Amino acid sequence: MKRVVITGMGAVTPLGGSVSETIQALDDHRHAIRRCPELEVCKGLRSWLAAPAELKNEKLIPRQNRRSMSRMSIFAAQAALEASKQAGYQPALFSPGKVGCIAGSTTPSPITIHQIYETFIPTRDFGLIQAMQFFQSMSHTVAMNLAQYLGLQGRFLSTNAACASGLQAIGTAYELIRAGSQEAIFCGGAEEFHSTVTGVFDMLLAASTKYNDDPDHASRPFDAARDGLVCGEGAGILFLEEREHALARGATIYGEILGFDTCSGGTHISESNRECIAQCMRQALTNAECSPSDIGYISAHATATLQGDGEEAAAIHAVFNDTVPVSSLKGHLGHTLGASGPIEMIATLVGLRKNRIYPTRNLTSVAPECQGIRHVTEIETTQATCFMKNSFAFGGINASLVCKID
Amino acid sequence: MTREEIVTTINTVFEESFEIEPERLVPDANIFLDLGLDSLDTVDLVVAIQKKFGVQIRDDERVRSIRTLGDVYQFIEVIYNEKKA
């Protein structure tokens, strides 16, 4: 089997338009949660908070590429360009058809879908729908726009498992390179904010509703006073490469992916299940040929929902007991859904390379059901090299990835 | 709608939808070779024109013979007058 390394990373997040801006914000303990007027005007919507990313410099993407991109694909393209530059990616350095593209999002562009139906329903006139809106509202819109923008001709896949989409993309890319079918793959996830996205979580009693007047304290994973998640947006894209290929071309290696697992819990359509999460983490460790004691940090999925955080904490306790530092970056970033896995993985990797573990923001009083694990509540100095990233999704979908910094 | 208003409206479509600088919007400009539109852009050009002028032109064979911006102006003027009549 081949070894798979990370040679490029890029991100557009609620905390900044690049990896370095995002890391600086985490170093400064800043957060991105805002009260959102767009939500306040929606009848029946009780959650008025969001973690928006800034759309800027989009015209640097040629119109011919940008015309089929909604906000999420633009974020992904910008993140991919950052990853590409960091990796020193040039097509001529790779075999034809051996650089792939795997990316996903929770849904196609909710903004574009809204616009389409806003036009179509009152008129019933397809003549008013633009062709480009069609390309923005396909399930694989992020991945296909990314592949077009970068001119990629290798393996293509769109992962669409809601909030696990991004981590599934990275894990699948890892497995393909490991098996020798690709030399490198751009992979990750993207998301764009829209009232309907928050509306879904609010409807399912999973969005924060009690902190509309106090955004600073709204997103509080594992905390006793948590009351749900805050939706965010952005993109995280990694350039994964076969290790020998990266070494041969003299690329800088930032980390190595050691193992991955993703599974369906099969127990409940919306509720997380501790046994299934634990099983996923154990399988990822097995695939990585690691034991729990090899893991120096866990970047939790924990979104600040009442049910999910408790199940994840219980699962982590079952596998790792209280020995491994754990935190969730959603207190800073909100829940960037399909982009959360890649964004938080990149932040973790860069943080650990600086001997730094970022804490769970707003975790001041650990909820009883979230105890039994080693929570990180302040920035910690660490010598840890190996970490686990978790992402979970509605439908009982779990994903865990084991990564080692280089 | 006067010819001048048609020209202004069409030029606005090219500026807003296809990001063409105003100084390039001259009647002799070939919309494909000079302004860089492709077949997909023409789909959205038709949609934009239908919205702006309240006309249905998607099935109109005359659309296929459009090459220059001047052709677009001329076509819309004819269509608009046909509609009015």
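Parameters and conventions
- Residues numbered from 1 in each chain as written.
- Chains lettered and ligands numbered in written order.
- Predicted model: local features only at pLDDT ≥ 70, side-chain atom pairs only at ≥ 80, totals over all residues.
- Heavy atoms only, no water.
- Core = buried A, V, L, I, M, F, W, Y, C linked by side-chain atoms within 4.5 Å.
- Buried < 20%, exposed > 50% of the residue type's maximum accessible area, 1.4 Å probe, protein only.
- Domains from an automatic or database assignment.
- Contact = heavy atoms within 4.5 Å.
- Pairing = 2+ DSSP bridges.
- Helix = DSSP H or I, 4+ residues; strand = E, 2+ residues; numbered from the N terminus.
- Axes fitted to C-alpha atoms, helices over the stretch in contact; angles between N-to-C directions.
- Parallel < 35°, antiparallel > 145°, perpendicular 65-115°, else oblique.
- Left-handed = near helix turned anticlockwise from the far one by under 90°.
- Nonpolar A, V, L, I, M, F, W, Y, C, P; charged D, E, K, R; others polar.
- Buried area = accessible area lost by both parts, 1.4 Å probe.
- Salt bridge = Lys/Arg side-chain N within 4 Å of Asp/Glu carboxyl O.
- Polar contact = N/O pair within 3.5 Å; in protein donor to acceptor, adjacent residues only side chain to side chain.
- Phe/Tyr/Trp six-rings, centres within 6.5 Å; stacked < 30°, edge-to-face > 60°.

A. Quick peek at the nonpolar core. Residues and elements named next belong to chain A. With 68 residues, the main nonpolar core has Leu-240 and Met-345 as its most contacted residues. Two domains each donate at least three residues to this core, and these are domain 1 (4–248) and domain 2 (259–405). In this view, Met-345 contacts Ile-6, Leu-167, Ile-170, Leu-238, Ile-257, Ser-340, Phe-387, Lys-389, Leu-401 and Cys-403; residues no more than four positions away in its chain are not counted. Within the second largest apolar cluster, 30 residues are counted, among which are Met-69, Tyr-149, Phe-186 and Ile-237.

B. Seen up close, the sheet that holds strand 8 (residues 255–264) of chain A. Residues and elements named next belong to chain A. With respect to topology, 11 strands assemble into an open sheet ordered 5-4-6-7-1-8-15-14-9-10-12, the strand pairing being mixed. The open sheet has two edge strands, strand 5 (156–158) and strand 12 (374–375), and neither has a second partner. With three bridges connecting them, strand 4 (residues 99–104) and strand 5 associate as parallel partners. What sits directly across from Ile-102, in strand 5, is Leu-157. Along the sheet, helix 11 (residues 274–288) contacts strand 8, strand 14 (386–393) and strand 15 (397–405); its crossing angle with strand 8, the most-contacted strand, is approximately 145 degrees. Contacting strand 9 (297–299), strand 10 (325–327) and strand 14, helix 12 (residues 306–320) crosses the sheet at an angle of about 145 degrees to strand 14.

C. A look at the side chain of Thr-141 of chain A. Looking at where Thr-141 of chain A falls in the secondary structure, it is placed in helix 7 (residues 141–150). Sequence-distant contacts of Thr-141 of chain A, defined by excluding residues within four places in its chain, comprise Ser-68, Met-72, Ser-73, Pro-108, Ser-109, Phe-135 and Gln-136 of chain A.

D. The arrangement of the packing of helix 4 (residues 71–87) of chain A against helix 7 of chain A in detail. Residue and element names in this part refer to chain A. In contact at an axis separation of 9 Å, helix 4 and helix 7 are set at 45 degrees when each is read in the N-to-C sense. Considering the angle they form, helix 4 stands oblique to helix 7. Two packed elements cross with a definite hand, and for helix 4 against helix 7 that hand is right-handed. Of the residues in helix 7, those touching helix 4 at Met-72, Ser-73, Ala-76, Ala-77, Ala-80 and Leu-81 are Thr-141, Val-142, Asn-145, Leu-146, Tyr-149 and Leu-150. Within the contact of helix 4 with helix 7, the residues separate by chemical class into nine nonpolar, three polar and no charged.

E. Region of interest: the interface of chain A and chain B. Chain A puts 14 residues into the contact, and the matching count from chain B is 14 residues. Of the roughly 1200 Å² buried where chain A meets chain B, counting both sides, 42% is carbon and sulfur surface. Its salt-bridge partner being Arg-66 of chain A, residue Glu-19 of chain B comes within 2.5 Å of it at the nearest N-O pair. Counting the contacts that link chain A with chain B gives 11 residue pairs in polar contact (both at pLDDT 80 or more). Looking at the side of chain A that touches chain B, the elements that each hand over two or more residues are helix 3 (63–66) and helix 6 (131–136) of chain A. Among the residues making up the side of chain A that touches chain B, the classes are represented as six nonpolar, three polar and five charged.

F. Representation of the domain arrangement of chain A in the model. Residue and element names in this part refer to chain A. Examined at the domain level, chain A breaks down into domain 1 (4–248) and domain 2 (259–405). With 64 residues of domain 1 in contact, the opposing surface of domain 2 contributes 64 residues. Across the interface of domain 1 and domain 2, roughly 4700 Å² is buried in total on both sides, 69% from carbon and sulfur atoms. If you look at where domain 1 meets domain 2, you find four salt bridges. Where the side of domain 1 that touches domain 2 is concerned, the elements lending two or more residues are strand 1 (4–12), helix 1 (19–27), helix 8 (165–178), strand 6 (184–191), helix 9 (195–203) and strand 7 (234–242).

G. Summary view of the pairing of strand 14 of chain A. Residues and elements named next belong to chain A. Burial of strand 14 is extensive: eight of the eight residues sit out of reach of the surface. Going residue by residue along strand 14, you find Cys-386, Met-388, Asn-390 and Phe-392 tucked away on one face and Phe-387, Lys-389, Ser-391 and Ala-393 tucked away on the opposite face as well. In this structure, strand 9 lies alongside strand 14, joined through three bridges in parallel fashion. Counterpart to Ser-299 in the pairing with strand 14 is Lys-389.

H. The arrangement of the packing of aromatic side chains in detail. Residue and element names in this part refer to chain A. Following the criterion strictly, the structure yields 10 aromatic pairs over all chains and no others. Ring geometry for Phe-186 versus Phe-239: centroids 4.6 Å apart, planes at 55 degrees, classification tilted. With Phe-186 in strand 6 and Phe-239 in strand 7, this residue pair connects regions lying 53 residues apart in the sequence. Taking relative accessible area as the criterion, Phe-186 reaches 0% and is therefore assigned buried. Look at Phe-239 and you get buried, because its relative accessible area is 0%. Connected via pairs of aromatic rings, a cluster forms that spans Tyr-89, Phe-94, Phe-186 and Phe-239.

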